[in-house]
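Residue strings, one per chain:
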Amino acid sequence: MKIIEEVKEAKTIGISGHIRPDGDCVGSVMSLYLYLKKELPDVRVDVYLEQPAEIFGCIKDINEIHTDFETDMVYDVFFTLDCNTDRLGGAQPLFERAGKKINIDHHISNTGCGDVNIIEPERSSTCELLYELLDVSKLDEEIAKALYIGIIHDCGVFQYSNTSPRTFQIAAELIKFGFDFSKLIDETFYEKTYVQSQIMGRALLESIRFMEGKCIVSMVDRKTMDFYHVGPKDLDGIVNQLRIIKGVECAIFMYEVGTLEYKVSMRSCGEVDVAAIAVKFGGGGHVRAAGCTMNGTYHDNINNLSKQIEEQLLS
Ligand code: AMP
Ligand code: MN
């Protein structure tokens, strides 16, 4: 399938991705936006997303994103990238009432919510998958950069096991466009502000290991977030740091989003299927990286999650 074939008749096209957009979500949404705008100058193309983190300010036209979803537009075609409808947030009604719905994703938990579904869980990222659906001869430096950002964010700069030979081949093609990929990796992936580093330090310090050190959990509450003046976007990377601790098979990190409500991130080294656990609690993701939102006290949530992990490790 080629994207351009799917939108041949369209006069209006909408694009969106998931709530709390990460690098792959922002990268895929923006690269498709830049591509369609360039290829179809007579078509109205709009992109809807929650405000992306400042690090993505290097992506061309990022300020053209609509962060207000209040509109009665009915699009001829609407793309949902990097998620299923349940994580579209404010853009969900826009997708539901569109003439033709297209869903492109790499999450194993996504069963497809469009009229056209391209779901490939073996892909490192939605950006990698999207690259295959675009006409490569029509890419430019800005589109390539947005795609590259998505790929490096979802495969941890080619470190995670979702990286395949094809991921490297595509990355090789993308860096030929000449953007400064080394700077991009530093500035969008590794660099942390001072407070982001401080709060990560605290989360590591207060982490607790259980199941003989095979599992580790940590949490940041609202009070602490307020004290450091940080938001959810500042907590990225904490769960990955927990996972690479020697002996750890499964890492859990949560932060308080409301009264008795926590956003949970889970990472596994491969023995535990965290996507299966996340799905049980209404979330989803990948075998080695998944998330969900849980209600209840911190300790109840740990108990519920550890029961599931234990079941898997003992089976
Ligand atoms: P996180 O650690 O929450 O950023 O998520 C890890 C992976 O799981 C990412 O690929 C997310 O897109 C996915 N994920 C997180 N939360 C959910 C959810 N509620 N439903 C489906 N996928 C999720
Ligand atoms: Mn992704």
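As the structure is a prediction and not an experimental result, all values here were calculated from the model.

Observations concerning the packing of aromatic side chains
Part 1 of the argument: Enumeration according to the criterion identifies twelve aromatic pairs in this entry.
Part 2 of the argument: Ring geometry for Tyr148 versus Phe181: centroids 6.3 Å apart, planes at 65°, classification edge-to-face. Linking Tyr148 in helix α5 (residues 141-154) with Phe181 in helix α7 (residues 181-190), this pair joins segments that are 33 residues apart in sequence.
Part 3 of the argument: Assessed through its relative accessible area of 3%, Tyr148 is described here as buried.
Part 4 of the argument: Judged by relative accessible area, which is 35%, Phe181 ranks as partly exposed.
Part 5 of the argument: Three or more aromatic residues link up through ring pairs in this structure, and these residues are Tyr48, Phe69, Tyr75, Phe78 and Phe95.

As for the layout of surface pockets
Part 1 of the argument: Its boundaries defined by the atoms lining it, the second largest pocket holds a volume of some 180 Å³.
Part 2 of the argument: Taken together, Ile55, Cys58, Glu141, Glu142, Lys145, Phe179, Asp180, Lys183, Leu184, Glu187 and Thr188 make up the full set of residues lining the second largest pocket.
Part 3 of the argument: Elements represented by at least two residues in the lining of the second largest pocket include exactly α5 and α7.
Part 4 of the argument: Residue composition of the lining of the second largest pocket, by class: four nonpolar, one polar and six charged.

A closer look at the site of ligand 1
Part 1 of the argument: Not every one of the 13 residues close to ligand 1 is listed here, only the nearest: His107, Lys263, Ser265, Arg267 and His286.
Part 2 of the argument: A distance of 3.1 Å separates an oxygen atom of ligand 1 from a polar atom in the side chain of Arg87.
Part 3 of the argument: Taking His286, its side chain carries an N or O atom lying 3.1 Å from an oxygen atom of ligand 1.
Part 4 of the argument: With four residues, strand β11 (residues 289-295) is the single largest residue contributor to the shell around ligand 1.
Part 5 of the argument: Grouping the amino acids of the shell around ligand 1 by side-chain chemistry returns three nonpolar, seven polar and three charged.

Description of the coordination of the manganese ion (ligand 2)
Part 1 of the argument: Binding of the manganese ion (ligand 2) to the protein goes through Asp24 (OD), Asp82 (OD), His106 (NE2) and Asp154 (OD), at separations of 2.2 to 2.4 Å.
Part 2 of the argument: Look at His106 and you get buried, because its relative accessible area is 1%.

Concerning the domain arrangement of the protein chain
For interface size, the figure often reported is the accessible area lost on association.
Part 1 of the argument: When the domains of the protein chain are assigned, the result is domain 1 (3-190) and domain 2 (194-314).
Part 2 of the argument: Between domain 1 and domain 2, the C-alpha centre-to-centre distance is 26 Å.
Part 3 of the argument: In this complex, domain 1 contributes eleven residues to the contact, which on the side of domain 2 involves twelve residues.
Part 4 of the argument: Roughly 880 Å² of surface becomes buried between domain 1 and domain 2 when both sides are summed, with 51% attributable to carbon and sulfur atoms.
Part 5 of the argument: Counting across the interface, domain 1 meets domain 2 through zero salt bridges.
Part 6 of the argument: On the surface where domain 1 and domain 2 come into contact, there are five residue pairs in polar contact (both at pLDDT 80 or more).
Part 7 of the argument: For the side of domain 1 that touches domain 2, the residue count by class is four nonpolar, six polar and one charged.

So, how was this worked out
- Residues numbered from 1 in each chain as written.
- Chains lettered and ligands numbered in written order.
- Predicted model: local features only at pLDDT ≥ 70, side-chain atom pairs only at ≥ 80, totals over all residues.
- Heavy atoms only, no water.
- Phe/Tyr/Trp six-rings, centres within 6.5 Å; stacked < 30°, edge-to-face > 60°.
- Helix = DSSP H or I, 4+ residues; strand = E, 2+ residues; numbered from the N terminus.
- Buried < 20%, exposed > 50% of the residue type's maximum accessible area, 1.4 Å probe, protein only.
- 1 Å grid on protein atoms, 1.4 Å probe; cavity = no way out; pocket = protein on both sides within 12 Å on 5 of 7 lines; lining within 4 Å.
- Points joined across faces, edges and corners; volume = space filled by probe spheres on them.
- Nonpolar A, V, L, I, M, F, W, Y, C, P; charged D, E, K, R; others polar.
- Near = heavy atom within 4 Å.
- Polar contact = N/O pair within 3.5 Å; in protein donor to acceptor, adjacent residues only side chain to side chain.
- Donors = N, O, S within 2.8 Å, 3.2 Å for Na, K, Ca; no water.
- Domains from an automatic or database assignment.
- Contact = heavy atoms within 4.5 Å.
- Buried area = accessible area lost by both parts, 1.4 Å probe.
- Salt bridge = Lys/Arg side-chain N within 4 Å of Asp/Glu carboxyl O.

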